[in-house]
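Okay, here's what each chain looks like letter by letter:
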Amino acid sequence: MLEAHHFPGPLLVELANEFISAVREGSLVNGKSLELLPIILTALATKKENLAYGKGVLSGEECKKQLINILCSGRWDQQYVIQLTSMFKDVPLTAEEVEFVVEKALSMFSKMNLQEIPPLVYQLLVLSSKGSRKSVLEGIIAFFSALDKQHNEEQTGDELLDVVTVPSGELRHVEGTIILHIVFAIKLDYELGRELLKHLKAGQQGDSNNNLSPFSIALLLSVTRIQRFQDQVLDLLKTSVVKSFKDLQLLQGSKFLQNLVPHRSYVSTMILEVVKNSVHSWDHVTQGLVELGFILMDSYGPKKVLDGKTIETSPSLSRMPNQHACKLGANILLETFKIHEMIRQEILEQVLNRVVTRASSPISHFLDLLSNIVMYAPLVLQSCSSKVTEAFDYLSFLPLQTVQRLLKAVQPLLKVSMSMRDSLILVLRKAMFANQLDARKSAVAGFLLLLKNFKVLGSLSSSQCSQSLSFSQVHVDVHSHYNSVANETFCLEIMDSLRRCLSQQADVRLMLYEGFYDVLRRNSQLANSIMQTLLSQLKQFYEPKPDLLPPLKLEACILTQGDKISLQEPLDYLLCCIQHCLAWYKNTVIPLQQEEEEEEEEEAFYQALDDILESITNRMIKSELEDFELDKSADFSQSTSIGIKNNICAFLVMGVCEVLIEYNFSISNFSKNKFEDILSLFMCYKKLSDILNEKAGKAKTKMANKTNDSLLSMKFVSSLLTVLFRDSIQSHQESLSVLRSSSEFMRYAVNIALQKVQQLKETGHVSGPDGQNPDKIFQNLCDITRVLLWRYTSIPTSVEESGKKEKGKSISLLCLEGLQKIFSAVQQFYQPKIQQFLRALDVTDKEGEEREDADVSVTQRTAFQIRQFQRSLLNLLSSQEEDFNSKEALLLVTVLTSLSKLLEPSSPQFVQMLSWTSKICKENSREDALFCKSLMNLLFSLHVLYKSPVILLRDLSQDIHGHLGDIDQDVEVEKTNHFAIVNLRTAAPTICLLVLSQAEKVLEEVDWLITKLKGQVSQETVSEEASSQTTLPNQPVEKAIVMQLGTLLTFFHELVQTALPSGSCVDTLLKDLCKMYTTLTALVRYYLQVCQSSGGIPKNMEKLNKSKSLNYTGEKKEKPATVVTAMARVLRETKPIPNLIFAIEQYEKFLIHLSKRSKVNLMQHMKLSTSRDFKIKGNILDMVLREDGEDENEEGTASEHGEQNKEPAKKKRKK
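All values derive from a computational prediction rather than experimental measurement.

### Side note on the overall build of the chain
Phase 1 of the analysis: Secondary structure summary: the chain contains 51 helices and 4 strands in total.
Phase 2 of the analysis: By residue count, 53% of the 1215 residues in the chain fall in the buried class.
Phase 3 of the analysis: Total accessible area computed for the chain in this model is approximately 55100 Å², and 52% of it derives from carbon and sulfur atoms.

### A closer look at a nonpolar patch on the surface
Phase 1 of the analysis: A cluster of nonpolar side chains, contributed by Tyr-122, Phe-184 and Leu-188, occupies part of the molecular surface with about 340 Å² of accessible area.
Phase 2 of the analysis: Tracing the backbone shows Leu-188 in helix H9 (residues 168-188).

### Re the pattern of salt bridges
Phase 1 of the analysis: As enumerated under the stated definition, the model contains 33 salt bridges in all.
Phase 2 of the analysis: For Lys-686, the salt bridge identified is with Glu-744, shortest N-O distance 3.9 Å. A residue pair is termed long-range when its members are at least 10 positions apart, and Lys-686 in helix H30 (residues 672-696) and Glu-744 in helix H34 (residues 743-763) qualify at 58 residues.
Phase 3 of the analysis: Given a relative accessible area of 18%, Lys-686 falls into the buried group.
Phase 4 of the analysis: A salt bridge links Glu-927 to Arg-985; its shortest N-O distance comes to 3.2 Å. Linking Glu-927 in the loop between helix H42 (908-923) and helix H43 (929-943) with Arg-985 in helix H45 (residues 984-1022), this pair joins segments that are 58 residues apart in sequence.
Phase 5 of the analysis: By relative accessible area, which is 38% here, Glu-927 ends up partly exposed.
Phase 6 of the analysis: Three or more residues are tied together by salt bridges with common partners; here these are Lys-452, Asp-518, Arg-521, Asp-770 and Lys-776.

### What to know about the environment of Thr-1078
Phase 1 of the analysis: Its place among the elements puts Thr-1078 in helix H47 (residues 1064-1094).
Phase 2 of the analysis: It is 7.3 Å that separates the C-alpha atoms of Thr-1078 and Tyr-1147, two residues lying 69 residues apart in sequence.
Phase 3 of the analysis: Looking at Thr-1078, its side chain comes within polar contact range of the main-chain oxygen of Cys-1074, at 2.6 Å.

### Some remarks on the packing of aromatic side chains
Between two aromatic rings, the relevant description is the distance of the centres plus the angle of the planes.
Phase 1 of the analysis: Under the criterion given, the structure shown has 24 aromatic pairs.
Phase 2 of the analysis: Residues Phe-682 and Phe-745 carry aromatic rings whose centres are separated by 5.2 Å and whose planes lie at 75° to one another, so their mutual orientation is edge-to-face. Of this pair, Phe-682 sits in helix H30 while Phe-745 sits in helix H34, and the two are 63 residues apart along the sequence.
Phase 3 of the analysis: A residue is classified by how much of its surface remains accessible, and Phe-682, at 1% relative accessible area, is buried.
Phase 4 of the analysis: According to the relative accessible area criterion, Phe-745 is buried, its value standing at 0%.

### Some words on the pairing of strand E3 (residues 558-561)
Phase 1 of the analysis: Summarising the sheet, E3 and strand E4 (residues 564-567) pair through 4 bridges and their orientation is antiparallel. The residue of E4 that forms the bridge with Thr-560 is Ile-565.
Phase 2 of the analysis: Connecting E3 to the next strand, E4, in antiparallel fashion are 2 residues, including Gly-562 with a positive phi near 65°.

### Describing the confidence of the model for the chain
In low-pLDDT segments, the atomic positions of the prediction should not be examined closely.
Phase 1 of the analysis: On average, the chain scores 81 in pLDDT, and the residues at 70 or more come to 81%.
Phase 2 of the analysis: This stretch, residues 155-164, has a pLDDT under 50; its non-local contacts, to residues over four places away or in other chains, come to 18 contacts.
Phase 3 of the analysis: Note that residues 1024-1031 has pLDDT below 50 and, in this model, 8 contacts with residues that lie over four places away or in other chains.

### Details of the nonpolar core
Phase 1 of the analysis: Formed by 375 residues in total, the largest nonpolar core has its most connected members in Leu-498 and Phe-869.
Phase 2 of the analysis: For Leu-498, the residues in contact, after removing those within four places along its chain, are Met-432, Val-444, Phe-447, Leu-448, Leu-451, Leu-512 and Phe-516.

### Section: the environment of Leu-914
Phase 1 of the analysis: Mapped onto the elements, Leu-914 comes out in helix H42.
Phase 2 of the analysis: Sequence spacing of Leu-914 and Leu-939 is 25 residues, and the spatial spacing of their C-alpha atoms is 6.8 Å.

### Some points on the packing of helix H25 (residues 506-522) against helix H26 (residues 527-539)
Packed helices, taken two at a time, are described by the angle their axes make and the gap between the axes.
Phase 1 of the analysis: Packing of H25 against H26 leaves a shortest axis separation of 11 Å and a crossing angle of 150°. By the angle class used here, H25 and H26 are roughly antiparallel. For the element pair H25 and H26, the recorded crossing hand is left-handed. Contact residues: H25 offers Arg-509, Tyr-513, Phe-516, Val-519 and Leu-520, while H26 offers Ala-527, Ile-530, Leu-534 and Gln-537.
Phase 2 of the analysis: Of the residues assigned to the contact of H25 with H26, the class counts are 7 nonpolar, 1 polar and 1 charged.

### What to know about unusual backbone geometry
Phase 1 of the analysis: Omega for the bond connecting Leu-549 with Pro-550 falls within 30 degrees of zero, at -15°, which places this linkage in the cis form.
Phase 2 of the analysis: Looking at where Pro-550 falls in the secondary structure, it is placed in the loop between H26 and E3.
Phase 3 of the analysis: Here the amide bond leading from Ala-988 into Pro-989 is cis, since omega sits at 0°, within 30 degrees of zero.
Phase 4 of the analysis: Looking at the secondary structure, you find Pro-989 in helix H45.
Phase 5 of the analysis: Phi is positive for Glu-629, close to 60°, though the residue is something other than glycine.
Phase 6 of the analysis: With respect to the element layout, Glu-629 can be found in the loop between helix H28 (596-622) and helix H29 (641-668).
Phase 7 of the analysis: On the basis of relative accessible area, Glu-629 is assigned to the exposed category, the value being 54%.
Phase 8 of the analysis: With a phi angle near 60°, Asp-770 is a residue other than glycine that sits in the positive phi range.
Phase 9 of the analysis: Tracing the sequence through the fold places Asp-770 in the loop between H34 and helix H35 (774-794).
Phase 10 of the analysis: Classification of Asp-770 by relative accessible area gives buried; the value is 18%.

Parameters and conventions
- Residue positions are counted from 1 within each chain, in the order its sequence is given.
- Only residues with pLDDT of at least 70 get local features here, since the model is predicted, and only at 80 or more are side-chain atom pairs given and counted; chain-wide, interface and lining totals rely on the full set of residues.
- Side-chain metrics rest on all non-hydrogen atoms present in the structure, leaving aside hydrogens and water.
- Working definition: helices are DSSP H or I runs of at least four residues, strands are E runs of at least two. Numbering for both runs from the N terminus.
- The rule is simple: take the accessible area with a 1.4 Å probe, protein chains only, and divide by the maximum for that residue type; under 20% is buried, over 50% is exposed, in between is partly exposed.
- We get accessible surface area from the Shrake-Rupley algorithm with a probe of 1.4 Å; when it comes to residues, only the shown protein chains can shield them.
- For patches, a residue must show more than 30% relative accessible area and have no salt bridge; joins then use 9 Å for like charges and 5 Å for nonpolar side chains, namely Val, Leu, Ile, Met, Phe, Trp and Tyr.
- By definition, a salt bridge exists where a carboxyl oxygen of Asp or Glu is found within 4 Å of a side-chain nitrogen of Lys or Arg.
- Each polar contact in these results corresponds to two N or O atoms within 3.5 Å; when the atoms are within protein, one needs to be able to donate a hydrogen and the other to accept it, and residues that are neighboring in sequence are counted only if both atoms are side-chain atoms.
- Only the six-membered ring of Trp is used, alongside the rings of Phe and Tyr, when aromatic pairs are assigned; centres must lie within 6.5 Å, and planes under 30 degrees apart are stacked while those over 60 apart are edge-to-face, with the rest tilted.
- Two strands make a pair as long as DSSP finds a minimum of two bridges between them.
- For every residue, the predictor states its confidence as a pLDDT score lying anywhere from 0 to 100.
- In this description, contact between two residues means that some pair of their heavy atoms is separated by no more than 4.5 Å.
- Residues belong to one nonpolar core when they are buried, are Ala, Val, Leu, Ile, Met, Phe, Trp, Tyr or Cys, and are joined through side-chain atoms within 4.5 Å.
- With axes taken as lines fitted to C-alpha atoms, and helix axes fitted only over the stretch in contact, angles between N-to-C directions fall between 0 and 180 degrees.
- When describing relative orientation, an angle under 35 degrees is termed roughly parallel and one over 145 degrees roughly antiparallel, while 65 to 115 degrees is termed roughly perpendicular and anything else oblique.
- Rotating anticlockwise by less than a right angle from the far helix to the near helix defines a left-handed crossing, while the corresponding clockwise rotation defines a right-handed one.
- Only Asp, Glu, Lys and Arg are considered charged in this grouping, and only Ala, Val, Leu, Ile, Met, Phe, Trp, Tyr, Cys and Pro are considered nonpolar; every other residue, Gly among them, is considered polar.

What follows is the structure in structure tokens.
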């Protein structure tokens, strides 16, 4: 056949026809002969003369085209598809012919066995170098995306029947091979890579989920191995993830959008699916996954704010997509870590690097990831232990919080690896004597953690363990069974090290005292050692003679270095630690001690401590403030050394009083004498606190705010409140009346509860024992809430306040404030436990009913609580305007707002809540702006989850217009009264700004929908055959958009004619009008696209345009007028004007385009804007300058006034 090109033309045609008919009839024996066909076709293409073909005469080239056409339109036998495709790579083809062949080969995918597809894809990729790259890639991606989808749904499709029945593993292996083929092809032909990115980006425009599927994501991640495309691909994936989360957020916040846009899968779930699939030896994907995970965590982790605190916990709406993206990054890395061994070391290394090098920025998300990795497989990580020990070397340079979390995360590893533990101890010992205070604190934190986690033989099994151990750690303990004896020497050694800290700075000692209680609870065998240490420390500051006053040597607690005075010994915390350890010891250890001699030996320190505390209590009650030299005449100023010393002493005495109050309560057993002691201690605390507040007075100094950390434990606060407000046992009443007689003491108890909740909201934990244990905190929160709720609902504020006129807030109001804080804290930190929390509030719940009660939904329980607060608000609103307590009303609305978030939007309870709120707004007129604002916010937040708020906006705008009057003073506006809450005081700026921000949100939603529609149209115009039905599936969306915009136009029309006060209202209105026009322009441009493909515009658009035009003239007339009123006052007002004018002109421009294109006169109701050029009229300018007496710089004033003087003239002409 080498001489084929010498054959005459007709013979070549005949030979080719033979082959083609053999293929079409399926009569090939083994397909070997197909190798000759390309030679024949190539030879044919070189023939210049005309050949008789069929009934006509064609040149050789045309003959070849005809033959290929016939070949591709016939039936191909499944077994020869690969050979036929591969054959074409040797034939010179035009772009059109390549398209024929590619289409044919792609259509064969569904008819072939799964295993045969990779070689076919390979041949197609080779062929794509001749053209049609886009079709090849689109075809492959579309086929496998559909296959994945079907495989996931596990439905048996019709044409893919034989393919779907394959096991998952086989499908993944085939996909893996195909991805490798494509990546290989891209390496050889960069054009293919560019096509791939172009194709996937194009699908992104309207909707990020259009072109992305697990298969295409896996393909993109593999492409990251090619340097040239790495950044582009990761960028594309990053933006897709965030866009997807933003879309989700938009959808969740709007019922209007939920009804129009079907729910669909999100990019995040697809990426996690890729991680799951990568178990089938997709090694080429793992590197990309790790990079993507870290990019997401780096870009969207918690950011640093101004005062150095991080905003990690407050999920404000705008941050939600970022937080989700960061969490997705962590999930990708964790799951990849679990599946792929070879990449583990790299992930661990990168996480540790970030923890060590980014000390100044928040890295909690990396520490959480590290903790999860270690929890998953402490034994596996032994191989990487060198990386961890390397990180230990930097401990003394890291912030304390990071050290604590890092050590907590790697703690399971310490149990497995002795060498790691030893290297940590070396590092901590060094740090103990470092120059930096933070390094010494880190050392204490590290040692305390070790003491907590290495149990000494014979320690009680602690059910209150605050960190649950996973099963992998249980294995660890089995492996190190011999450890518990070794642990004892190890722990005593550490205790020795820690004793040395008792001579260091106050901060270091403080950490020790705060940590000892936890150590004791987890490692009870160390009780002896710890209690002895504390006792000997206390004796340094205790006056042993029983009649000496005061009982404590406060002077010894203070360090004086030259002029500098500082606290040396936090005595209050020492006593606090002793008191908690003692209480725990009495409750837990003593009941378990059977052997006599042991008891006697240990009883000694326990008894000694008890006696000391008893003695301190009695002498503190007898002591006067003069004994401490802290009476009213003492100097408390921050500028003198005496003043600083007195301040420190005062805080110590107050702290000691608090500790003794808790101690006496715990041993009181409801004895009247003990309660009298408690009250005496409280009076001492109160006197000091009053003196301090008075002295701090107006000069709010740092020390004055330091009182905010109470030493009472949360458990005690909850027991105390329960006893004060809810205890009705007869035998307790007499002694309790002592405490109840002091309203100061009761208010103090509620205040401390508030302080604890505030601390929880800010930091995620509370001070004091068990303050880091979320379950215990939750339990105490439930108890406190139950009491506060009962107190608030049974004794309303009005009743309490009419009885006594005291300074400060009433107890009921404090209770309400506490409830408001607790509800938001529970939603922030205990979202999964909401059901349990609400059940705990239900006072009527008895143990027996618990089982039937379990199926009462969160919504029903919430609705019950909401009703109580609604009643209180109604009572408040029914009072006279002068008796109206705006603080309480504001708190009630805040409580209702946070509770309403727990209602299911589709439930009848939600609709009830919405109609109740709406009714309150319609019937009550209050002049308090803050109350009005929060109530309207509640109304809107409920309304958007039920339906679009445009009608509500329109009604409110009419009310505002009615109250503020028209811009044209001759026009009298008829007053509508849809909402009584709109009155002269609240209409502007409060409600005006609120409705404008809501209108902005609606515009944003409409914009989002238009972008989505545009994306769909641009995709459909590619496939022309679909163009005839383009507008049909989008009709409900288009109709909804036009309806929204129509109502918004009425809304803006009302506001534009209202005499709004100049300032923020006018600014915002002009800015929003700008957005309105931009959105209208976007809609017009969308219809321009539709016109191109379908040739007409819907009637809706014409109607919208007509209504627009009617309002349009009015708006045009008004704008200058608004500005003229404000002109003399502020030139700043004019900034939004040029933007608005530009937006209007853009809108007109595209409307004219659309009119031409659609042959519908859309401009008939509109008057085109006049020309906007101007000249400066000197005489008018002088006049204006004289009138205004403004001394701005020449240029600015000239140009501004020029334009403004031009505008009113135009207005007159229009009239």
